[in-house]
Amino acid sequence: VMVADLDSLVASAGRLKPSLAIVDLALGRGDIGGLIERLRTVCPALKVLVLSPHDEVSVAASALRAGADGFVVTRTVATELLPAVSAAMLSACDVEVQP
């Protein structure tokens, strides 16, 4: 399900109870930890994979510290998304950022 805003994302997660959410970093409006917390409030077992146009290691590290199960730079989606989804679903948090 594609959503346009954070409230729609949280409502959809609560209703559908997905195993995985692939979330654009921009939906967090600078508070990725708050976004992940809201998602896990309605769907505690949810795996969260964050997409971002930013390839700085600090951005990926911040998302992972906030509780994301993986991080993918948007320009690498074609090659990195499926491995990141697999790793997140296996609870492996060793997805590397590829600048």
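Structure's up top.
Before going into details, it helps to say that this report is about the structure given with it. None of the values given here were measured: they were computed from a predicted structure. (Residues numbered from 1 in each chain as written. Predicted model: local features only at pLDDT ≥ 70, side-chain atom pairs only at ≥ 80, totals over all residues. Heavy atoms only, no water.)

### Notes on the sheet that holds strand S3 (residues 70–73)
Sheet strands pair by backbone hydrogen bonding; their relative direction is either parallel or antiparallel. On the basis of which strands lie adjacent, the open sheet formed by three strands has the order S1-S2-S3 and parallel pairing. Across the chains shown, the open sheet's two edge strands, defined by having one partner strand only, are strand S1 (20–24) and S3. The sheet shows a mean angle of 25 degrees between the axes of neighbouring strands, taken without regard to direction. Sheet topology places S1 next to strand S2 (residues 47–52); five bridges connect them, and they run parallel. (Pairing = 2+ DSSP bridges. Helix = DSSP H or I, 4+ residues; strand = E, 2+ residues; numbered from the N terminus. Axes fitted to C-alpha atoms, helices over the stretch in contact; angles between N-to-C directions.)

### Let's talk about the nonpolar core
Grouped together as the largest cluster of nonpolar side chains are 21 residues, with contacts concentrated most on Val 23, Leu 35, Leu 39, Val 48 and Val 50. Secondary-structure elements contributing two or more residues to this core are helix H1 (6–16), S1, helix H2 (32–42), S2, helix H3 (57–65) and S3. Excluding anything up to four places from it in sequence, Leu 39 contacts Leu 9, Val 10, Ala 13, Val 23, Leu 46 and Val 48. Counting residues in each nonpolar core, the second largest holds six residues, with Val 72, Leu 81, Ala 84 and Val 85 among its members. (Core = buried A, V, L, I, M, F, W, Y, C linked by side-chain atoms within 4.5 Å. Buried < 20%, exposed > 50% of the residue type's maximum accessible area, 1.4 Å probe, protein only. Contact = heavy atoms within 4.5 Å.)

### Remarks on the layout of surface pockets
One number sums up the size of the largest pocket: a volume of about 350 Å³. Elements that contribute at least two residues to the lining of the largest pocket include exactly H1 and S1. Looking at which element gives the most residues to the lining of the largest pocket, the answer is S1, with five residues. Taken together, the residues of the lining of the largest pocket break down into 14 nonpolar, one polar and one charged. (1 Å grid on protein atoms, 1.4 Å probe; cavity = no way out; pocket = protein on both sides within 12 Å on 5 of 7 lines; lining within 4 Å. Points joined across faces, edges and corners; volume = space filled by probe spheres on them. Nonpolar A, V, L, I, M, F, W, Y, C, P; charged D, E, K, R; others polar.)

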